[in-house]
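Chain by chain, the residues run as shown.
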Amino acid sequence: MTPSAILPDDVNHVEINGQTLRKGSVAAFLANVAIIEQTADTHSEAYTAALKDMLELVPALETLSVFKHLSIRSENIRRLIIQAYPSMTGIL
């Protein structure tokens, strides 16, 4: 399976179960995780923005079954997601 088989070059999003999933969602999630993991000041603008953006992407990744097939190794990231989405406790 190739990326273009999932979303052709001229398509930037897809609707699955009533949720709009944008191309780049997984990459954006991982970029925000990296910022969170590398930022010591949890009150900084960069940390706060990355946390908000990461958490907003969680439902899309859950819809894509990312958490069903891949585990998050960072205890900190798992804790942050579970705090925001307590129902995900069993899949992270």
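Note: the structure precedes this text.
So, how was this worked out
- Residues numbered from 1 in each chain as written.
- Predicted model: local features only at pLDDT ≥ 70, side-chain atom pairs only at ≥ 80, totals over all residues.
- Heavy atoms only, no water.
- Helix = DSSP H or I, 4+ residues; strand = E, 2+ residues; numbered from the N terminus.
- Buried < 20%, exposed > 50% of the residue type's maximum accessible area, 1.4 Å probe, protein only.
- Contact = heavy atoms within 4.5 Å.
- Core = buried A, V, L, I, M, F, W, Y, C linked by side-chain atoms within 4.5 Å.

Asks: Would you mind showing me how to read the environment of Glu37 here?
Replies: Relative to the helices and strands, Glu37 resides in helix H2 (residues 25-38). You can call Glu37 partly exposed: its relative accessible area is 43%. Sequence separation between Glu37 and Ala27 is ten residues, and the spatial gap between their C-alpha atoms is 15 Å. Look past the residues within four positions of Glu37 in its chain and what remains in contact with it is Ser74, Asn76 and Ile77.

Asks: How should I be thinking about the nonpolar core in this particular structure?
Replies: Grouped burial of nonpolar side chains is what soluble globular proteins tend to show. Core analysis: the largest hydrophobic core is formed by 20 residues, its most contacted members being Phe29, Ile36, Met54, Phe67, Ile77 and Ile81. For this core, the secondary structure elements donating two or more residues are H2, helix H3 (45-63), helix H4 (66-69) and helix H5 (75-84). A total of nine residues in this core trace back to one element, the largest contributor, which is H3. In contact with Phe67, not counting residues within four places along its chain, are Phe29, Val58, Leu61, Glu62, Ile72, Met88, Ile91 and Leu92.

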